[in-house]
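# A structural walkthrough
One-letter residues, chain by chain:
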Amino acid sequence: MEFVHKSIMVDEILQSLNIRPDGVYADGTAGGGGHSRAIGERLSPQGTLICNDRDPEALAVCEERLCSLNCHLRLIRGTFSDLAENAGQTFDGVLLDLGVSSYQLDCAERGFSYMQDAPLDMRMNPEDKLSARQIVNEWSEAELTRIFFEYGEERYSRRIASQIVQSRGKAPIETTLQLVDIIKSALPKAALKEKQHPAKRVFQAIRIAVNDELEQVRLALDSLVENMNDGGRIAVLTFHSLEDRIVKTAFARYERPCTCPPEFPVCTCGKKSLGKVLVKGIAPSAEEIEENPRARSTRLRVFERRFEE
Ligand SMILES: C[S@@+](CC[C@H](N)C(=O)[O-])C[C@H]1O[C@@H](n2cnc3c(N)ncnc32)[C@H](O)[C@@H]1O
């Protein structure tokens, strides 16, 4: 299957990264290499592009698609929370385009989709230990309820978790469509008529848990911000409110880290600003959303590292 993924907000990202042809730029979520290519084409032979992904298939595609770029290209396989350490160099710009690629979603056997039958998997890195099958069949009812509620914002989290536990008591739940049927059977009739697919929230929750997605973002931002050059920018594309809140809060904390009570006349905590929030959650244009409905919930946030604010 061909790796197809339509890159989102490419112009806005290029503009906000303010690319220097001889700079060092990292794409922490290289995927099909769309954003990477756009960045790499603006670099000179003195510039460096680092493509990172935890999915080996994505990295293989990037290697093939980007080898003709006229800059220094480095490919790193790993999580973006380890990117700063693995790269061993500081950055002038970093992009994180969070979540899964269209390729991962459309590739039935990866088990991300509630539309196609496949073994329950959802691992971005197939070598990771935890899979969706394990979560669905082994996690306690309380844990399932928690992740459906917290990561899926699912109103019927309790009912769905209870139905899963009942069902797996008879036989293990093996496939995506088996899980979809169980979710549907737990929902009241009215919920089944909603516009959104009835399994969307639970699938999102399980995917986040399998890949530890929210913790990945927290850890990555804290390590990347410490490894940016003066004037270097971190651009993040988020796809749902949970990850967007994490990015927004982290960037606000880097800009104003002072923890002194507001009534203190001078700062005594000594925490210095790391830079400035440049872009506060802009959405793609109406034309882009029309052309690519997967961009509907995207928000772009950008932070600029400044030494000695
Ligand atoms: C939305 S796609 C990126 C698409 C890419 N920007 C493009 O233009 O083709 C997200 C990619 O990030 C990867 N990814 C998600 N979380 C990751 C993490 N914590 N560490 C490394 N890669 C991650 C996924 O495997 C996927 O390939």
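Per chain, residue numbering runs from 1 following the sequence as it is written. Residues qualify for local features only when their pLDDT is at least 70, as the model is predicted, and side-chain atom pairs are given and counted only at 80 or more; totals for whole chains, interfaces and linings, by contrast, use all residues.

### Section: the site of the ligand
Using the following cut-off: Only the C-beta atom matters for this test: placed from the backbone, it must lie within 6 Å of a molecule or strand for the residue to be near it. Basically, the charged four are Asp, Glu, Lys and Arg, the nonpolar ten are Ala, Val, Leu, Ile, Met, Phe, Trp, Tyr, Cys and Pro, and anything else, Gly included, counts as polar.
Around the ligand sit 21 residues, and of these Ser7, Thr29, Gly31, Gly32 and Gly34 come closest. Across the shell around the ligand, the residue classes tally to 4 nonpolar, 13 polar and 4 charged.

### Remarks on the domain arrangement of the protein chain
Threshold: For every domain, the bounds stem from an assignment made automatically or drawn from a database. Once C-beta atoms are placed from the backbone, any two residues with those atoms within 7 Å are in contact. Segments assigned H or I by DSSP are reported as helices when at least four residues long, segments assigned E as strands when at least two residues long, and all are numbered from the N terminus.
Segmenting the protein chain into domains produces domain 1 (10–103 + 214–305) and domain 2 (108–212). The straight-line distance from the C-alpha centre of domain 1 to that of domain 2 is 29 Å. Contacts between domain 1 and domain 2 engage 7 residues on the former and 6 residues on the latter. The dominant element in the side of domain 1 that touches domain 2, judged by the number of residues it contributes, is helix 12 (residues 213–225), at 3 residues. Partitioning the side of domain 1 that touches domain 2 into residue classes produces 3 nonpolar, 1 polar and 3 charged.

### Observations regarding the nonpolar core
For the record, the criterion: Think of a nonpolar core as buried Ala, Val, Leu, Ile, Met, Phe, Trp, Tyr and Cys residues chained together by C-beta atoms that fall within 7 Å. The burial criterion counts other C-beta atoms lying within 10 Å of a residue's C-beta, which is placed from the backbone; the residue is buried at 20 or more, exposed at 12 or fewer, and partly exposed between these limits.
Tyr25, Leu224, Ile234 and Ala235 are the most contacted members of the largest nonpolar core, which has 49 residues in total. Those residues in contact with Ala235 that sit more than four places away from it in its chain are Ile13, Ser16, Leu17, Leu95, Leu300 and Val302. One finds Val100, Val136, Phe148 and Ala199 within the second-largest nonpolar core, a separate group that totals 27 residues.

### Observations concerning the environment of Ala235
Along the chain, Ala235 turns up in strand 5 (residues 228–238). Classification of Ala235 as buried rests on a count of 24 C-beta atoms within 10 Å. Considered as a pair, Ala235 and Lys129 are 106 residues apart in the sequence and their alpha carbons are 30 Å apart.

### As for the pairing of strand 3 (residues 72–77)
What counts, and what does not: One bridge is not enough; two strands pair if DSSP finds at least two bridges between them. Note on handedness: a clockwise path from strand one over the helix to strand two, with the strands aimed away from the viewer, defines a right-handed crossover.
Bridging between strand 2 (residues 48–53) and strand 3 involves 6 bridges; their strand directions are parallel. For Leu49, the partnering residue across the bridge sits in strand 3 and is Leu73. Handedness of the crossover joining strand 2 and strand 3 through helix 3 (residues 56–66): right-handed.

### Here's the deal with the packing of helix 7 (residues 141–152) against helix 8 (residues 157–170)
For any two helices packed against each other, the geometry is given by the interaxial angle and the distance between the axes. Heads up, the rule is: Axes here refer to lines fitted to C-alpha atoms; in helices the fit is confined to the stretch in contact. Angles between the N-to-C directions go from 0 to 180 degrees. For classification purposes, angles smaller than 35 degrees are called roughly parallel, those larger than 145 roughly antiparallel, those between 65 and 115 roughly perpendicular, and all remaining angles oblique. Here is the rule for handedness: rotate from the far helix to the near one, and if that takes an anticlockwise turn smaller than a right angle the crossing is left-handed, while a clockwise turn gives right-handed.
Put simply, helix 7 and helix 8 touch, their axes get as near as 8 Å, and they point 140° apart. Judged by the angle between their axes, helix 7 and helix 8 are oblique. Two packed elements cross with a definite hand, and for helix 7 against helix 8 that hand is right-handed. Mapping the contact onto sequence places Glu141, Leu144, Thr145, Phe148 and Phe149 in helix 7 and Ser157, Arg158, Ile160, Ala161, Ser162, Ile164 and Val165 in helix 8. Grouping the constituent residues of the contact of helix 7 with helix 8 by class yields 7 nonpolar, 3 polar and 2 charged.

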